[in-house]
Amino acid sequence: MRRLVLALAFAALLLAALGVGKGAADTFYGYTSPGTWFSSGQGYGSVYDNICSRWSENHFSKGGSAWGLITFIDSGGGWHDSMQGFGWIHRAPSSLNWTKKLHCRNNSGVGYQGGCFGYRHAYQCA
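Residues numbered from 1 in each chain as written. Predicted model: local features only at pLDDT ≥ 70, side-chain atom pairs only at ≥ 80, totals over all residues. Heavy atoms only, no water.

**Looking at the overall build of the protein**
Argument step 1. The number of helices and strands found in the protein is one helix and nine strands.
Argument step 2. For the protein, the α and β elements follow one another from N to C terminus as α-β-β-β-β-β-β-β-β-β. (Helix = DSSP H or I, 4+ residues; strand = E, 2+ residues; numbered from the N terminus.)

**A closer look at the pattern of salt bridges**
Argument step 1. Applying the stated rule across the entire model yields two salt bridges.
Argument step 2. For Asp49, the salt bridge is made with Arg54, and the minimal N-O distance between the two is 3.4 Å. For the pair shown, Asp49 and Arg54 are each scored as buried.
Argument step 3. With its nearest N and O atoms 2.8 Å apart, the salt bridge here joins Lys100 to Asp49. Of the two residues, Lys100 is situated in strand β8 (residues 100-106) and Asp49 in the loop between β3 (43-45) and β4 (53-62); the sequence distance between them amounts to 51 residues. Each member of the pair Lys100 and Asp49 is classed as buried.
Argument step 4. Taken together, the shared-partner salt bridges connect Asp49, Arg54 and Lys100 into one network. (Salt bridge = Lys/Arg side-chain N within 4 Å of Asp/Glu carboxyl O. Buried < 20%, exposed > 50% of the residue type's maximum accessible area, 1.4 Å probe, protein only.)

**Digging into unusual backbone geometry**
Argument step 1. Positive phi outside glycine occurs at Asp81, with the angle close to 55 degrees.
Argument step 2. Checked against the element boundaries, Asp81 lands in strand β6 (residues 79-86).

**As for the state of the cysteines**
Argument step 1. Applying the stated criterion to the full structure yields two disulfides.
Argument step 2. The partner cysteine of Cys52 in its disulfide is Cys125, sulfur to sulfur 1.8 Å. Taking the torsion about the sulfur-sulfur bond, which here is approximately -120 degrees, the covalent link between Cys52 and Cys125 counts as left-handed. Here Cys125 lies in the segment after β9 (112-122) and Cys52 lies in the loop between β3 and β4, a separation of 73 residues in the sequence.
Argument step 3. According to the relative accessible area criterion, Cys52 is partly exposed, its value standing at 27%.
Argument step 4. The exposure class assigned to Cys125 is partly exposed, which follows from its relative accessible area of 31%.
Argument step 5. Between the sulfur atoms of Cys104 and its disulfide mate Cys116 the distance is 1.8 Å. Since a negative S-S torsion denotes a left-handed disulfide, the Cys104-Cys116 link at about 100 degrees is right-handed. A residue pair is termed long-range when its members are at least 10 positions apart, and Cys104 in strand β8 and Cys116 in strand β9 qualify at twelve residues. There is no split in this pair, since Cys104 and Cys116 are both buried.
Argument step 6. What connects to what in the protein, once the bonded cysteines are numbered by sequence position, is 1-4, 2-3. (Disulfide = S-S within 2.5 Å.)

Encoded structure:
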């Protein structure tokens, strides 16, 4: 299981470094380490984005039988564009033009290892 998580995280890093399929996303950030332990119901969040650097994707890499959730949380605490699933789940927000942070959570009744990461798009700021 740990090898799977590490292999998926490494593959994501490699693809990000090569720019494969990520023309609009500039920077890859892990907001947990690969292989982080997620107890049942436990979640992790990123920092909020800003006008010069917007989150453009959220990813949760975990085992194929691991049930989890990803979402975007606005500055008032509201959840948007949430997605649940087994294995690796990922999605982009419906709009980049609002302040948000990324969040991932173990939605199952058992613990497992995984890693959460996102892409940020940088904008020209004065």
